[in-house]
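Per-entry structural report
Residues per chain are reported as follows:
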Amino acid sequence: MARRLFCEISPLTYKISVTKNIWIRKMEWYLHRKKYAETFSQERLPVTIYKHKSLIRRKLGNVDMRLQDNKAVNLSLAAPKINGIIIKPQEVFSFWKLVGECTEAKGYKEGLVIKSGKVDKGIGGGMCQFSNLIHWMILHSPMTIIEHHHHNQIDMFPDYGRQIPFGTGTSIMYNYLDYQFINNTQQEFQLIVYTTDEYLCGELRSNKPIDYAYHIREENSYYEKKEDGYYRNNEIYRIIVDKKTGNEVKKELITKNNAKVLYDEQYIPPERIKMAHVS
């Protein structure tokens, strides 16, 4: 039997580990030489680089819809913390430094969260959807992602109204699992984010156009049946195209997924299943 980590011994040791990690990150914020983005503007920068919106209430198997309604509240509280932020050249965007801790005292409600690779509920649930939206927009820009965490190679929910390829999301937890990117260009960028009754909406804007277009492509997507269950596989690539010539200048692998399916197999499209090779 594998030796348990300190955080896995008991709820108390888990809380001690979380508190330690939170304070380490806070010390990094104040002692590190990174220049964090902190300037806001009510005026939108003139050029739209990319726009996206994601459905707030999704059918996720047997997940309580009350948690989805609470997520809508949580997103409406967090969005103004980032809406209008300007990311100047050489500045770093930190999700948690801007949003802050999501507590009940601030009005956040109990929503869906992921803990140790399992579906759970907790105050402030839904922030992963927020960082997912930002991450998707940044992938369509020349900025550089410097901190990004993944959901540990698990496929937790069946597809429902999926707009982006599986495996392009983020995993965050206040504040030591952060989402960060740096603006290594010579122009300014701005994030516009807001909620409607149905959607979390986002825009990435700039003070001038960019020279390249960015496209995200999924390849080699299929489900594989093994002895211990089903696994979802795919590869995610980013294609960079020169706007002037229309030529592809670079194709880069973002991630390769081999994720165990945690939901009922009835939600897996039969035509996308292939049997594992037996030698």
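Residues numbered from 1 in each chain as written. Predicted model: local features only at pLDDT ≥ 70, side-chain atom pairs only at ≥ 80, totals over all residues. Heavy atoms only, no water.

Of regular secondary structure, the protein possesses four helices and 15 strands. For 279 residues, the compact-globule estimate of 2.2 N^0.38 gives 19 Å, and the protein sits close to it at 20 Å. Dimensions of the protein, computed from the C-alpha atoms along their principal axes, are close to 55 × 50 × 40 Å. Counting across all 279 residues of the protein, residues that qualify as buried make up 46%. Taking contacts inside the protein between residues at least 6 apart in sequence as the whole, the part at least 24 apart equals 70%. Mean positive and mean negative side-chain charge positions of the protein (41 and 32 charges, respectively) differ by 4 Å. (Helix = DSSP H or I, 4+ residues; strand = E, 2+ residues; numbered from the N terminus. Rg over C-alpha atoms; globule rule 2.2 N^0.38 Å. Buried < 20%, exposed > 50% of the residue type's maximum accessible area, 1.4 Å probe, protein only. Contact = heavy atoms within 4.5 Å. Lys, Arg positive; Asp, Glu negative; His and termini not counted. Charge placed at Lys NZ, Arg CZ, Asp CG, Glu CD.)

On the surface, a cluster of nonpolar side chains totalling about 420 Å² of accessible area is made up of Met27, Tyr30 and Leu31. Checked against the element boundaries, Met27 lands in helix α1 (residues 11–31). (Patch = residues over 30% accessible without salt bridge, like charges linked within 9 Å, V, L, I, M, F, W, Y side chains within 5 Å. Areas by Shrake-Rupley, 256 points an atom, 1.4 Å probe, with all protein chains shown as cover. Salt bridge = Lys/Arg side-chain N within 4 Å of Asp/Glu carboxyl O.)

A separate point is unusual backbone geometry. What is expected of a backbone is that most residues other than glycine have negative phi and most peptide bonds are trans. Residue Asn175 is bonded to the preceding Tyr174 through a cis peptide linkage, with omega at -15°. The phi dihedral of Gln90 is positive, around 75°, even though this residue is not glycine. Residue placement: Gln90 occurs in the loop between β3 (85–87) and β4 (92–94). When its relative accessible area of 42% is taken as the criterion, Gln90 is described as partly exposed.

The next thing to look at is the sheet that holds strand β10 (residues 189–195). Spatial strand order, β1-β3-β10-β11-β2: five strands in an open sheet with antiparallel pairing. Looking along the sheet, the strands with just one partner apiece sit at the ends: β1 (39–40) and β2 (47–55). Sheet strands touched by helix α4 (residues 127–138): β2, β10 and β11 (199–206). Its angle to β11, the strand with the most contacts, is close to 35°. (Pairing = 2+ DSSP bridges. Axes fitted to C-alpha atoms, helices over the stretch in contact; angles between N-to-C directions.)

Here we take up the packing of helix α2 (residues 65–78) against α4. Interaxial distance between α2 and α4 falls to 9 Å at its minimum, and their mutual angle equals 55°. The pairing of α2 with α4 is recorded here as oblique in orientation. Listed contacts from α4 to Lys71, Asn74, Leu75 and Ala78 of α2 are Met127, Gln129 and Phe130. Along the lines of polarity and charge, the residues of the contact of α2 with α4 split into four nonpolar, two polar and one charged. (Parallel < 35°, antiparallel > 145°, perpendicular 65-115°, else oblique. Nonpolar A, V, L, I, M, F, W, Y, C, P; charged D, E, K, R; others polar.)

Relative to the helices and strands, Pro89 is located in the loop between β3 and β4. Residues Pro89 and Gln187, 98 residues apart in the sequence, show an inter-C-alpha distance of 6.0 Å. Not counting residues within four places of it along the chain, the set of residues in contact with Pro89 comprises Asn183, Thr185, Gln186, Gln187 and Glu188.

All right, on to the pattern of salt bridges then. With the rule as written, the count across this model stands at 16 salt bridges. Close ionic contact of Glu110 with Arg66 constitutes a salt bridge, the shortest N to O distance being 3.6 Å. Residue Glu110 is located in strand β5 (residues 110–115), and its partner Arg66 is located in helix α2; the two are separated by 44 residues in the primary sequence. Take Glu110: its relative accessible area is 28%, and that puts it in the partly exposed class. The salt bridge involving Glu203 is made with Arg205; its shortest N-O contact spans 2.8 Å. The same class applies to Glu203 as to Arg205, namely buried. One connected set of salt bridges, linked through shared partners, spans Arg25, Glu28, Lys34, Glu147 and Asp178.

Attention shifts here to the nonpolar core. Generally speaking, a soluble globular protein has its nonpolar side chains buried in company with each other. Within the largest apolar cluster, 44 residues are counted, with the highest numbers of intra-cluster contacts made by Ile82, Phe93, Phe95, Met127, Phe130, Ile134 and Leu191. Excluding residues that lie within four positions of it along the chain, Phe95 makes contacts with Ile82, Met127, Phe130, Ser131, Ile134, Ile172, Asp178 and Tyr179. (Core = buried A, V, L, I, M, F, W, Y, C linked by side-chain atoms within 4.5 Å.)

Another point: α2. For an α-helix, the turn length of 3.6 residues means that residues three or four places apart are oriented alike. End to end, α2 covers 20 Å across 14 residues, agreeing with the expected 20 Å (1.5 Å per residue, within 8%). Along α2, the residues that are buried comprise Leu67, Gln68, Asn70, Lys71, Ala72, Asn74, Leu75 and Ala78. In this structure, the buried side of α2 is in contact with α3 (95–99), β5, β6 (118–123), α4, β10 and β11. (Expected span 1.5 Å × (residues − 1).)

Another aspect to go through is the state of the cysteines. Following the criterion strictly, the structure yields zero disulfides and no others. Not part of a disulfide, Cys102 finds its nearest cysteine sulfur in Cys128, a span of 11 Å. Residue class for Cys102 comes out buried when judged on its relative accessible area of 11%. There is no disulfide at Cys201, and the cysteine sulfur nearest it, in Cys128, is 19 Å away. (Disulfide = S-S within 2.5 Å.)

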